[in-house]
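Descriptive analysis of the structure
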Amino acid sequence: MLEKNQWVKYKGKPAYIIFVHTGDVYEIMVLTDVYSYKIFVTENEITEIQVPKISLNNSYMYKSYRVDYLPPNTISTVIAIETGPYPYVIKTKYGTFKVSPFDLQPINY
């Protein structure tokens, strides 16, 4: 059984379980490259997903369009880890932002 605060895949996109209702109905937040949206689904519509490992104080490339005023391909550093669908606080030359693990890509030097 899937649980609240777990990442899953919905129609090929990462999604975060916000709430589990009775009867195997899940409220999820689906992430696209440009925006996110909430939807209700049943368990047979979602599958478990491997979540990228993100570490505190490491540098990553921000690769999404979802955050206003933060262009893709911006180098960032994780300065804090919280909870929720956007648990990673990153610092960039544009400011500080909260992002998901799917917004970040490791930098290979």
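For the structure given in this document, a descriptive report is provided here. This is a predicted model, so every value here is computed, not measured. Residues take numbers from 1 onward in each chain, read along the sequence in its written order. Selection of residues for local features in this predicted model requires a pLDDT of at least 70, selection of side-chain atom pairs for listing and counting requires 80 or more, and totals for whole chains, interfaces and linings are taken over all residues. Heavy atoms from the whole structure form the basis of all side-chain values; hydrogens and water molecules are not counted.

Here the focus is the packing of aromatic side chains. Stacked, edge-to-face and tilted are the three classes for Phe, Tyr and Trp ring pairs, Trp counted by its six-membered ring, which pair at centre distances within 6.5 Å; planes under 30 degrees apart are stacked, over 60 edge-to-face, the rest tilted. Within this structure, the stated rule accounts for three aromatic pairs. One aromatic cluster is present, formed by Trp 7, Tyr 16 and Phe 102 through successive ring pairs.

Turning our attention to the pairing of strand S3 (residues 25-31). The buried count for S3 comes to six of seven residues, which makes it a mostly enclosed element. Pairs of strands are assigned from DSSP output, requiring at least two bridges between the strands. For the purposes of this entry, the term helix denotes a DSSP run of H or I that reaches at least four residues, the term strand denotes a run of E that reaches at least two, and both are numbered from the N terminus. In textbook terms, the turn of a hairpin is the stretch between consecutive antiparallel strands, and for strand S2 (residues 13-21) and S3 this stretch comprises three residues, one of which, Gly 23, has a positive phi near 75°. Relative to strand S4 (residues 36-42), S3 runs antiparallel, the two being bridged by seven bridges. The residue of S4 that forms the bridge with Val 30 is Tyr 37. We call a residue buried when its accessible area falls under 20% of the maximum for its residue type, exposed when it is over 50%, and partly exposed in between, using a 1.4 Å probe and counting protein chains only.

Attention now moves to the pairing of strand S1 (residues 7-10). As paired elements, S1 and S2 share four bridges and run antiparallel to each other. Across the sheet, Trp 7 pairs through a bridge with Tyr 16, a residue of S2. Counting the residues that bridge the hairpin from S1 to S2 gives two residues, and of these Lys 11 lies at a positive phi of roughly 50°. Of the pairings in the sheet, the one linking S1 to strand S5 (residues 46-48) comprises three bridges and is antiparallel in character. Following the sheet pairing, Val 8 is matched in S5 by Glu 48.

Before going further, it helps to spend a moment on the sheet that holds S5. Strand order across the open sheet formed by five strands is S4-S3-S2-S1-S5, with antiparallel pairing between neighbours. The two strands at the open ends of the sheet, each matched to only one other strand, are S4 and S5. Going from strand to strand, the sheet's axes swing by 40° on average, the running direction of each strand aside. Geometry is summarised by axes, namely lines fitted to C-alpha atoms with helices restricted to the contacting stretch, and by angles between N-to-C directions that run from 0 to 180 degrees.

A surface patch of nonpolar side chains, about 430 Å² in accessible area, is lined by Val 34, Tyr 35, Tyr 37 and Tyr 65. Checked against the element boundaries, Val 34 lands in the loop between S3 and S4. The exposed category is assigned to Val 34, whose relative accessible area is 52%. The patch calculation keeps residues exceeding 30% relative accessible area without a salt bridge and links them within 9 Å when they carry like charges or within 5 Å when they are nonpolar (Val, Leu, Ile, Met, Phe, Trp, Tyr). Each accessible area is a Shrake-Rupley result for a 1.4 Å probe, and residues are judged covered by the shown protein chains and nothing else. Salt-bridge detection follows one rule: a side-chain nitrogen of Lys or Arg within 4 Å of a carboxyl oxygen of Asp or Glu.

This part takes up the sheet that holds strand S7 (residues 74-81). In space, the five strands of this open sheet follow the order S9-S8-S7-S6-S10, with antiparallel pairing throughout. Whereas interior strands pair on both sides, the edge strands pair on one side only; in this sheet they are strand S9 (95-99) and strand S10 (104-106). Each strand axis lies, on average, 45° off the axis of its neighbour in the sheet, ignoring direction. As judged from the four bridges shared by S7 and strand S8 (residues 88-92), these two strands associate in the antiparallel manner.

We now examine the pattern of salt bridges. This structure, assessed with the given rule, holds two salt bridges. Arg 66 serves as the salt-bridge partner of Asp 103, at 2.1 Å between the closest nitrogen and oxygen. Of the two residues, Asp 103 sits in the loop between S9 and S10 while Arg 66 sits in the loop between strand S6 (59-62) and S7, which places them 37 residues apart along the sequence. On the accessibility criterion, Arg 66 (15% relative accessible area) is buried. The partner of Glu 82 in a salt bridge is Lys 98, and the shortest N-O contact between them spans 2.7 Å. Here Glu 82 is found in the loop between S7 and S8, whereas its partner Lys 98 is found in strand S9, with 16 residues between them in sequence.

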